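One letter stands for each residue in the lines below.
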Amino acid sequence: MSRRKQADKRITVADPVFNSQQVSRFVNRMMQRGKRSTAQSLFYDALQILKDRTKQEPLDVFNKALKNVTPLVEVKARRVGGSTYQVPVEVKSSRGFALASQWLIANSRKRPGRTFAERLSAELADASNGTGASVKKRDETHKMAEANKAFAHYRY
């Protein structure tokens, strides 16, 4: 990490289908070994499956799922006088999106199902309804922060 100045934020180019930066950033997180076109096709297939199943606009379901999974607080380890405390801190919007997309993708990969597109669409549908492993992970994070509220004065 540079001591001189903070690195400039890069602006993500919006995706070609929905013209959305969030979709583009989500696809970038899905991507493995630099295969963007594969990740994009899997994501768009998942949204098509979602559209067929829920009869709703898939981008709305995607945004609602992200909103339901995004954490408001998280805990960070802080070392004070030889002991380590789990200090609750508020999550910035960019970090919240990163955590939410990371959890959605990881839990989609763990899900049973035939193709990744089916598993991702199922996880997005569950997350938009307020159920599923990703929402459970968010709730666990909030509970952990609530349990360690006493150490909030160690915030940095």
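Student: A description of the pattern of salt bridges should follow, citing residues and the corresponding values.
Tutor: Once the charged atoms of two side chains with opposite charge are near each other, the side chains can pair. Summed over all chains, the structure comprises five salt bridges. A salt bridge links Glu-74 to Arg-95; its shortest N-O distance comes to 3.1 Å. A residue pair is termed long-range when its members are at least 10 positions apart, and Glu-74 in strand 1 (residues 73-80) and Arg-95 in helix 4 (residues 93-110) qualify at 21 residues. Of the residues examined, Glu-74 reaches a relative accessible area of 9% and is grouped as buried. Residue Arg-111 pairs with Asp-126 through a salt bridge whose shortest N-O separation is 2.8 Å. Placement of Arg-111 in the loop between helix 4 and helix 5 (116-128) and of Asp-126 in helix 5 is noted, with a sequence separation of 15 residues between them.

Student: Go over the packing of helix 1 (residues 21-30) against helix 4, please, and point to the residues and values.
Tutor: Where helix 1 contacts helix 4, the axes come no closer than 10 Å and their chain directions differ by 50 degrees. Classified by the angle between their axes, helix 1 and helix 4 sit oblique to one another. When you trace helix 1 past helix 4, the crossing you get is right-handed. Every residue of helix 4 that contacts helix 1 at Gln-22, Arg-25, Phe-26, Arg-29 and Met-30 is listed here: Ser-94, Phe-97, Ala-98, Ser-101, Gln-102, Leu-104, Ile-105 and Arg-109. Of the residues that constitute the contact of helix 1 with helix 4, the class distribution is six nonpolar, four polar and three charged.

Student: Give me the side chain of Ser-20: which residues, what numbers.
Tutor: Mapped onto the elements of the fold, Ser-20 is located in the segment before helix 1. Within the structure, Ser-20 has its side chain in polar contact with the backbone nitrogen of Gln-22 (distance 3.3 Å). Once residues lying within four places of it in the same chain are set aside, the contact partners of Ser-20 are Ala-14 and Asp-15.

Parameters and conventions
- Residues numbered from 1 in each chain as written.
- Predicted model: local features only at pLDDT ≥ 70, side-chain atom pairs only at ≥ 80, totals over all residues.
- Heavy atoms only, no water.
- Salt bridge = Lys/Arg side-chain N within 4 Å of Asp/Glu carboxyl O.
- Helix = DSSP H or I, 4+ residues; strand = E, 2+ residues; numbered from the N terminus.
- Buried < 20%, exposed > 50% of the residue type's maximum accessible area, 1.4 Å probe, protein only.
- Axes fitted to C-alpha atoms, helices over the stretch in contact; angles between N-to-C directions.
- Parallel < 35°, antiparallel > 145°, perpendicular 65-115°, else oblique.
- Left-handed = near helix turned anticlockwise from the far one by under 90°.
- Contact = heavy atoms within 4.5 Å.
- Nonpolar A, V, L, I, M, F, W, Y, C, P; charged D, E, K, R; others polar.
- Polar contact = N/O pair within 3.5 Å; in protein donor to acceptor, adjacent residues only side chain to side chain.

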